[in-house]
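# Results of the structural survey
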Amino acid sequence: MTGDGRMEHTETAVVTADDLVRARDRLLAPGRRRLTGEAVREALVDLHEFWLTAHASASGVGGAGSGLALVAVGGLGRRELVPYSDLDLLLVHNGQNARGQDTVEEIAEKLWYPLWNSGIGLDHSVRTVGEALRVASTDLRTAMGLLDARHLAGDAEVSARLAEGARQAWRAGVRGRLDEIAESAQRRWARSGDIAHRVEPDLKHGRGGLRDLTVLDALAAAQLVDRPGVEVAEARRLLLDVRTELRRVAGRPRDVLRAQDGDEVAAALGLLDRFALARALSSAARTIVYAVDVATRAARAAAPRRGLGVFARSPLRRAPARKPLDEGVVLHGSEVALARDASPTRDPALLLRVATAAARSKHPIAAGTLTRLADSAPELRQPWPREARDELLALLGAGPGLVDVVEALDRTGLWGRLFPEWGAVRDLPPRDAAHTWTVDRHLVQATAHAAKLVTRVSRPDLLLLGTLVHDIGKGRQADHSEVGAALATQIGERLGLWPNDVETLTAMVRHHLLLPHTATRRNVEDEATVRRVVDTLGGDPVLLELLHALAECDSVATGPGVWSDWKASLVRDLVARCRAAMAGDPLPSPEPLDERQRELAASATASGRPDVLLEASGQVATVSVAAPDRPGLLSRAAGVLALNSLEVHAAVVASHEGAGVQVFTVSPRFGSLPDVALLREQFARAVDGSLPLAEKLAAKERDYGGPPLDPPPARVLWFDDESTGSVVLELRAADRIGLLHRVADALERCGLDVRWARVATLGGTVVDSFAITSESGDVDRVAVERAVLASSG
């Protein structure tokens, strides 16, 4: 065993199985010149293969024409044998032309017994080629294992027939086995968890582990997907190296990396400590998970075409349906893709629209679309354009669908392009055992939970942004709240937030632990405690409200039981006391009309006809609508705008010289702004009742996927405006097509007059305020609230 640079490590003539064990142990013994993980695996393969080849011949496995062969599968078949692995061997024979069954059994016993007697793990079988293929046809594990079959000794023609037959059968039958593959993987993941986020990951069976790599290899062997790329190859090498070192450290078969072994394994691999090892493993596992997801979808898409044979190329065969989801975004089959006329190079918000559509519809983004966006989407310059900022907020408010989308964007480099600060927390393992996720995943999970709380706060946009970046300062060897605050300022300015909003975002990150720490470590009934919190927050009730919601998001995304009823009650009590100390929140108020809007009102009063003014600035426009004052103008104007796919970002209702005036800030959901003449004509028809707005809006919403799935609960808050005598109703709800029309209509049906309104669309959430009065002077708040909530759902 010399001459090739690898066999020299045995240093002992390997004759018996006990010699094989001694040679293996000498190879793995501490104190010797330490080989790399890859060199160890190569040496183990050579060592076992040498012994098996020689022992097969001595046991009676003949050469060419003998009809009998020894075949390796599993790790030995793939030449990936790690220390203390079982040997997966198959003695395959030609049942008709070679030896009789008894002789084959005798040879098998001569092969297996020495290995058993020496304590070497062995998974073995004796079959003809036909028997092996029949077993594979009903047993998924056997079928996938035979794809790694490699000839060791005996009649090479028999081994070749087995290997080729297994691959042909696999390719022919894989279409019907995709569900079985997926279900098997799901069961395995449920048992073993996710490598990227487990404190003690299962390197073989966990999600993102070595078993998943065999799935990728099997799909590639079926010619449904390409061979895994360089990144997956590097992830495979790391997992194998960690598994190799783990077994060297343990001196026994082991696939779960225990925390106490982490530092020693990390040192063997040249990494700083077990946290650096965990981060590297997380990255590798997530790379594999993403590759498996993409490959599985590609395989499902490719399998029907193969199954249809010649008809797959028929011009009569229907291509997957393409359904529009947003401007430049379609649902192609079951994946979100770019529309044919989309132009990533000239559309800075296209990437975020694709991501939002995928998160909301809970469909994956097509791999080709991600590649095209990565290659051609422009960098967003500071400050971000408004449409990009709005799309980001819509994405962050998408709920659970956010998690997979951010994972896909991050694995393709697109998320880091949006948030360069993300690199420091990517795959960063938590230092506290209470945390379930890596830091970056924790931030995304918390933001997904924040989507359920957006109606609790007056600034849902800041809640989503603040939650996304509240731990962005981790991984930088300093107080993460202070470092994170500085980074939050940087991010807020890059996104183009108003200076006051940047300050609030920064304060959220700096003080995100203030409420839970104070509530659980101080006496919240102590006035000094309350005063200290109020002073720290500068007496800002909006910041207090945001931090209350952020505390829940942070805790829920930390791990099970962290946001307990007890903790929630303590924080809630502290917040109530602080809010009382801060009392005196300013109410929203109407904005004055400018000169052109006053002229429009005077013109409508003079002519007695409705009129519309459209002033565009890029994709954002101001639409002013005026008509002789009468009930129902707001709902009709809002309905016409929604009918023309205009998204309302803000609205102000006022009156001037006998005319009702509504001023809307809008942008088109799709395409370009509508012609003002069309708006004028439709508004006139809506006012005279000849345009069935409710029916048309319901049909439009159905065309675009229906109302939001699992929206946060809508809330109504009441205020009394002492300066005007009006009652102010504030609605917080998930946005949907025609929402403003329905709410205004509900108020009008309650016999109320809307004196002014302020509308704010913040991502996927609206915060709308209506100053309402009634002829009697009394407002039945219970009935009105019921009607408004019904209209928003």
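A quick note: this is a predicted structure, and the numbers were derived from the prediction, not measured.

Calculation criteria
Every chain is numbered on its own, with residues counted from 1 as its sequence reads. Thresholds applied to this predicted model are a pLDDT of at least 70 for local features of residues and 80 or more for the giving and counting of side-chain atom pairs; totals over whole chains, interfaces and linings are not thresholded and use all residues. No hydrogens and no water enter the side-chain calculation; it runs on all heavy atoms of the structure. Under the scheme used here, helices are H or I runs from DSSP no shorter than 4 residues and strands are E runs no shorter than 2 residues, and both carry numbers assigned from the N terminus. Throughout, a contact is declared for two residues whenever any of their heavy atoms are within 4.5 Å. Two cysteine sulfurs form what is called a disulfide whenever their separation falls within 2.5 Å. What pLDDT conveys is the predictor's confidence in a given residue, as a value from 0 to 100. Between N-to-C directions, angles cover 0 to 180 degrees, with each direction set by a line fitted to C-alpha atoms, over the stretch in contact for helices. Orientation is classified from the angle alone, with under 35 degrees giving roughly parallel, over 145 giving roughly antiparallel, 65 to 115 giving roughly perpendicular, and any other angle giving oblique. Crossing handedness is read from the near helix: turned anticlockwise from the far helix by less than a right angle, it gives a left-handed crossing, and turned clockwise, a right-handed one. In this classification, the charged set is Asp, Glu, Lys and Arg, the nonpolar set is Ala, Val, Leu, Ile, Met, Phe, Trp, Tyr, Cys and Pro, and all remaining amino acids, among them Gly, are polar. A pair of strands is considered paired only if DSSP assigns at least 2 bridges between the two. Here the term buried applies to any residue with accessible area under 20% of the maximum for its type, exposed to any over 50%, and partly exposed to those in between, with areas from a 1.4 Å probe on protein chains only. Residues grouped as a nonpolar core are buried Ala, Val, Leu, Ile, Met, Phe, Trp, Tyr and Cys residues, joined through side-chain atoms within 4.5 Å. By arc we mean the arc of the directions from the helix axis to the C-beta atoms, nothing more. Any two rings among Phe, Tyr and Trp, with Trp reduced to its six-membered ring, count as a pair given centres within 6.5 Å; such a pair is stacked if its planes are under 30 degrees apart, edge-to-face if over 60, and tilted if neither. Sitting over a ring, as applied to charges here, requires NZ of Lys or CZ of Arg to be within 6 Å of the ring centre and within 35 degrees of the ring normal. Salt bridge, as used here, is a side-chain nitrogen of Lys or Arg placed within 4 Å of a carboxyl oxygen of Asp or Glu.

### Remarks on the environment of Ser792
Turning to its location among the elements, Ser792 is positioned in helix α31 (residues 781-792). Along the primary structure Ser792 and Pro713 are separated by 79 residues, whereas in three dimensions their C-alpha atoms are 9.8 Å apart. Apart from the residues lying within four places of it in its own chain, the contact partners of Ser792 are Ala714, Leu731, Ala733, Arg736 and Leu739.

### Describing the state of the cysteines
Applying the stated rule across the entire model yields zero disulfides. Of the cysteine sulfurs around Cys553, a residue in no disulfide, the closest is that of Cys578, at 19 Å.

### Some details on the confidence of the model for the protein chain
In the predicted model, the protein chain carries a mean pLDDT of 88, and 93% of its residues have values of at least 70. Low pLDDT, under 50, characterises residues 306-313; the stretch is placed with nine contacts to residues that sit more than four places away or in other chains.

### Regarding the packing of helix α13 (residues 350-361) against helix α16 (residues 401-411)
Direction vectors running N to C along α13 and α16 enclose 140 degrees, while the axes themselves pass 8 Å from each other. What the angle tells us is that α13 and α16 run oblique. Here α13 and α16 pass one another in a crossing that is right-handed. Of the residues in α16, those touching α13 at Leu351, Ala355, Ala358 and Ala359 are Gly401, Leu402, Val405 and Leu409. Residues of the contact of α13 with α16, tallied by class, amount to seven nonpolar, one polar and no charged.

### Some remarks on the pairing of strand β9 (residues 620-628)
Direction of pairing for strand β8 (residues 611-617) relative to β9: antiparallel, over a ladder of seven bridges. Within β9, the residue paired with Ser617 across the bridge is Val620. With eight bridges connecting them, β9 and strand β11 (residues 659-668) associate as antiparallel partners. Bridge pairing in β11 links Val623 to Phe664.

### Topic: the environment of Gly173
Locating Gly173 in the fold gives a position in helix α7 (residues 156-173). Using a relative accessible area of 29% as the deciding quantity, one classes Gly173 as partly exposed. For the pair Gly173 and Ala222, spaced 49 residues apart in sequence, the C-alpha to C-alpha distance is 9.0 Å.

### Overview of the nonpolar core
A general trend in soluble globular proteins is that nonpolar side chains are found buried together. Grouped together as the largest cluster of nonpolar side chains are 92 residues, with contacts concentrated most on Leu409, Trp415 and Trp422. In this view, Trp415 contacts Leu395, Leu396, Val406, Leu409, Asp410, Trp422 and Leu468; residues no more than four positions away in its chain are not counted. One finds Val82, Met144, Ala222 and Val242 within the second-largest nonpolar core, a separate group that totals 53 residues.

### Some thoughts on unusual backbone geometry
The peptide bond linking Gln382 to Pro383 adopts the cis configuration, its omega dihedral lying at -10 degrees. In this structure, Pro383 sits in the loop between α14 (367-376) and α15 (386-396). The phi torsion at Lys362 lies on the positive side, around 60 degrees, for a residue other than glycine. Examined against the element boundaries, Lys362 turns out to sit in the loop between α13 and α14. With a phi close to 60 degrees, Gln477 is a non-glycine residue in the positive phi region.

### Notes on helix α11 (residues 259-268)
When we look at burial in α11, the residues that qualify are Asp261, Gly262, Val265 and Ala266. In an axial view of α11, the angular spread of the buried residues amounts to 140 degrees, which keeps them on one side of the axis. Exposed residues pointing more than 90 degrees away from the buried face of α11 are listed as Gln260 and Ala267. After α11 finishes, the residue Gly270 shows a positive phi value of roughly 80 degrees.

### Re the packing of aromatic side chains
Applying the stated rule across the entire model yields four aromatic pairs. Consider the rings of Tyr113 and Trp116, whose centres lie 5.0 Å apart with planes at 85 degrees: the pair is edge-to-face. In this pair, Tyr113 and Trp116 are both assigned in helix α4 (residues 101-117), three residues apart and thus about one turn of the helix distant. Between Trp415 and Phe419 the ring centres are 5.0 Å apart and the planes differ by 45 degrees, which places this aromatic pair in the tilted class. The buried category is assigned to Trp415, whose relative accessible area is 0%. Joined through ring pairs, the aromatic side chains of Trp384, Trp415, Phe419 and Trp422 make up one cluster. The ring of Trp189 carries the charged tip of Arg207 above its face, separated from the ring centre by 4.7 Å.

### Things to note about the sheet that holds strand β2 (residues 87-93)
Read from one edge of the open sheet, four strands run β3-β2-β1-β4, paired in mixed fashion. The open sheet terminates on both sides in strands that have one partner only, identified here as β3 (122-128) and β4 (150-154). This sheet shows a mean twist of 25 degrees between the axes of neighbouring strands, independent of strand direction. In this structure, strand β1 (residues 68-73) lies alongside β2, joined through six bridges in antiparallel fashion. In the strand pairing of β2, Leu68 is matched with His93. This element, helix α2 (residues 37-59), spans β1, β2 and β4 of the sheet and lies at about 35 degrees to β4. Set on the sheet, helix α5 (residues 129-138) makes contact with β2 and β3; between it and β3 the angle comes to about 115 degrees.

### Side note on the pattern of salt bridges
Following the criterion strictly, the structure yields 47 salt bridges and no others. Residues Asp427 and Arg286 are paired through a salt bridge, measuring 2.8 Å at the closest nitrogen-oxygen approach. Note that Asp427 is positioned in the loop between α17 (414-418) and α18 (439-450) and Arg286 in helix α12 (residues 274-307), a separation of 141 residues in sequence. Arg286 matches Asp427 in its accessibility class, with the two residues each being buried. Between Glu482 and Arg510 there is a salt bridge whose closest N-O contact spans 3.3 Å. Of this pair, Glu482 sits in helix α20 (residues 480-495) while Arg510 is found in helix α21 (residues 499-510), placing the two residues 28 residues apart along the sequence. When salt bridges that share partners are traced, they join Arg78, Glu80, Asp148, Asp217 and Arg236 into one network.

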